[in-house]
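Residue-level structure breakdown
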Protein chains: 2
Amino acid sequence: MSKKAVVLYSGGLDSTTCMAIARAEGFTPYAMSFAYGQRHSVELEKAKRHAGLLGAADHQLVEIDLRRIGGSALTSETAVPKDGVKEGEIPVTYVPARNTIFLSFALGWAEVLGAFDIYIGVNALDYSGYPDCRPEYIAAFETLANLATRAGVEKTGCYRIHTPLIELSKAQIIEKGLALGVDYALTHSCYDPTPEGVACGECDSCRLRLKGFREAGIPDPVEYVRRKE
Amino acid sequence: MSKKAVVLYSGGLDSTTCMAIARAEGFTPYAMSFAYGQRHSVELEKAKRHAGLLGAADHQLVEIDLRRIGGSALTSETAVPKDGVKEGEIPVTYVPARNTIFLSFALGWAEVLGAFDIYIGVNALDYSGYPDCRPEYIAAFETLANLATRAGVEKTGCYRIHTPLIELSKAQIIEKGLALGVDYALTHSCYDPTPEGVACGECDSCRLRLKGFREAGIPDPVEYVRRKE
């Protein structure tokens, strides 16, 4: 029987690739998604439909209301920027403590499942502005996980936070996913889609995705309102 | 103007004392409570009513469903034990990753508020069985907080997790609270109260509380179904 791993899964390009990597590395994925008051629930609807298709043994959709906390363009009425990412600046799409909250829930579920492996599709290149996408942050969470838990006290296991995408460019992520058979038509990346779920093509996330496909020399199979590359 | 601090506040004896200490230490408390699918929502109703009376400038009640994760007598149908705490054993009332989840939300709110101080009423003596009540766990979370956040990257501030009760006995906590004017009639500690909110007097939490009042030589002002001391 293969070992269980909790995979943080939003339905986007990175986390879908991450799930395929977890499987390729011999784990049975347990997918965990969050409805956190973000503008785009489109990706969650897709996540719900696709988690099983992607090989997840179970899927948890955790509802948390980060709008009550605010502080981000993704969880408040601040406009999502459409003029590209600025070097060395933390984007307004950064959500305070989001990855810490996500990893905490994943840790709780892992502990109940008896899993010691958590996959998160963070990326330190494209998201260099996000504090909680850096390797030193992930290492600190791993240390915390082993102090926070029953297994950490009883020394019956050691938690590991897997970040297989952390050093990859978007093009390399796409190439890796395609090699593992990922169908990127089933993924959603846009921060600001139309009500029908069509990607805007202009937000940071669309730009990074389109640039990745262009650099990989492969057409992006999803539909866009307008492609700003 | 005094500095803001986020105080994790359940309405119980420890967190109420913690809020009084935060005020005494010169902070304006921002209280944060969690409805996490626990059996006893009684304490949350009281928390809602009392946070303002206790001097909180604002109160957030965050709803999260830890029952979906389970793994604890407090979030599942496992019976709450009534036969006392066993030495060296993690109690079934331990909730996987609970303090990590609570501190993560507190960190997100602190970041939005511009606060760098978080108070949590963990106790390493009475709750020696809980992995996430230990000083080394708290130190690891503090390290994480300073890597997870905008201020951690931009070096504009340093987060501190305050645990003023961590080395105190229950009797010492009560004595400290009384010296600061805490009215313990306004607190609730029971894991398994009656539907009307009367404390059972037999669960771990009631036993520890009653023992604390006995050792402090002060009568506990709350009502009990039966006092097992």
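Counting restarts for each chain, with residues numbered from 1 along the sequence as it is written. To read the labels, note that chains go from A and ligands from 1, taken in the order they are written. For a predicted model such as this one, the threshold for reporting local features is a pLDDT of at least 70, and the threshold for listing and counting side-chain atom pairs is 80 or more; totals across whole chains, interfaces and linings nevertheless cover every residue.

To qualify as a helix, a DSSP run of H or I must reach at least 4 residues; to qualify as a strand, a run of E must reach at least 2; elements of each kind are numbered from the N terminus. From N to C terminus, chain A includes seven helices and five strands. Going residue by residue from the N terminus, the α and β elements of chain A occur as β-α-β-α-β-α-β-α-α-β-α-α. Here the C-beta atoms are placed from the backbone, and a residue counts as buried if at least 20 other C-beta atoms lie within 10 Å of its own, exposed if 12 or fewer do, and partly exposed otherwise. Here chain A, with 229 residues, has 55% of them falling under the buried criterion. Working definition of a contact: two residues with C-beta atoms, positioned from the backbone, lying within 7 Å. Of all intrachain contacts in chain A linking residues separated by at least 6 positions in sequence, the fraction that spans at least 24 positions is 67%.

Let us now look at the interface of chain B and chain A. Where the parts come together, the accessible area they lose is often given as the size of the interface. Facing the 36 residues of chain B at the interface are 37 residues of chain A. At nine residues, helix α3 (residues 98-113) of chain B tops the list of elements feeding residues into the side of chain B that touches chain A.

Rotating chain B by 180° about the axis while translating it 0.0 Å along that axis superimposes it on chain A, leaving an RMSD of 0.0 Å. Both copies are brought into coincidence by an operation consistent with a two-fold rotation axis. Same-surface contact between copies: 100% of interface residues of chain B are shared with the interface of chain A. When the copies are superposed, the least-squares fit takes in the C-alpha atoms of residues with a pLDDT of at least 70 in both.

Once that is clear, we can look at the sheet that holds strand β2 (residues 27-35) of chain A. Residue and element names in this part refer to chain A. Overall, parallel pairing links the five strands, which are arranged β3-β2-β1-β4-β5 in an open sheet. The strands lining the two open edges of the sheet, one partner per strand, are β3 (58-63) and β5 (160-162). Between one strand axis and the next, the sheet turns through 25° on average, direction left out of account. Strands qualify as paired when DSSP identifies two bridges or more between them. The pairing of strand β4 (residues 117-119) with β5 spans three bridges and is parallel. Its bridge partner being in β5, Asp-117 is matched across the sheet by Arg-160. Think of each axis as a best-fit line through the C-alpha atoms, taken over the contacting stretch in the case of a helix, with angles from 0 to 180 degrees between the N-to-C directions. Packing of helix α3 (residues 98-113) onto the sheet brings it into contact with β1 (3-8), β2, β3, β4 and β5, and relative to β1 it is tilted by some 160°.

The subject of this paragraph is the confidence of the model for chain A. The predictor reports its confidence for every residue as pLDDT, a score running from 0 up to 100. Within chain A, residue pLDDT values average 86, and 84% of them lie at 70 or more. If you check the scores for this complex, the pTM reads 0.89 and the ipTM reads 0.87.

This paragraph deals with the sheet that holds strand β1 (residues 3-8) of chain B. Residue and element names in this part refer to chain B. If you walk across this open sheet you meet the five strands as β3-β2-β1-β4-β5, and the pairing is parallel. With partners counted over all chains shown, the strands left at the sheet margins are β3 (58-63) and β5 (160-162), one partner each. Averaged over all neighbouring strand pairs, the angle between strand axes comes to 25°, with direction disregarded.

This part takes up the nonpolar core. Counting 120 residues, the largest nonpolar core has A:Val7, A:Ala106, A:Ile118, B:Val7, B:Ala106 and B:Ile118 as the members making the most contacts within it. Apart from the residues lying within four places of it in its own chain, the contact partners of A:Val7 are A:Cys18, A:Met19, A:Ala22, A:Pro29, A:Tyr30, A:Ala31 and A:Tyr119. The nonpolar core criterion groups buried Ala, Val, Leu, Ile, Met, Phe, Trp, Tyr and Cys residues into a set whenever they are joined through C-beta atoms within 7 Å.

The relative placement of two packed helices is expressed as an angle between their axes plus a distance between the axes. Residues and elements named next belong to chain B. Where helix α1 (residues 13-24) meets helix α6 (residues 170-179), the closest approach of the two axes is 9 Å, and the angle between their N-to-C directions is 45°. Judged on the interaxial angle alone, α6 and α1 are oblique. Crossing angle aside, the handedness with which α1 passes α6 is left-handed. For the pair formed by α1 and α6, the contact residues are Leu-13, Asp-14, Thr-17 and Ala-20 on the first element and Ile-173, Lys-176 and Gly-177 on the second. Classifying every residue of the contact of α1 with α6 by side-chain character gives three nonpolar, two polar and two charged. Each angle receives one of four descriptions, namely roughly parallel if under 35 degrees, roughly antiparallel if over 145, roughly perpendicular if within 65 to 115, and oblique otherwise. By definition, turning the near helix anticlockwise from the far helix through less than a right angle yields a left-handed crossing, and turning it clockwise yields a right-handed one. Put simply, Ala, Val, Leu, Ile, Met, Phe, Trp, Tyr, Cys and Pro go in the nonpolar bin, Asp, Glu, Lys and Arg in the charged bin, and everything else, Gly too, in the polar bin.

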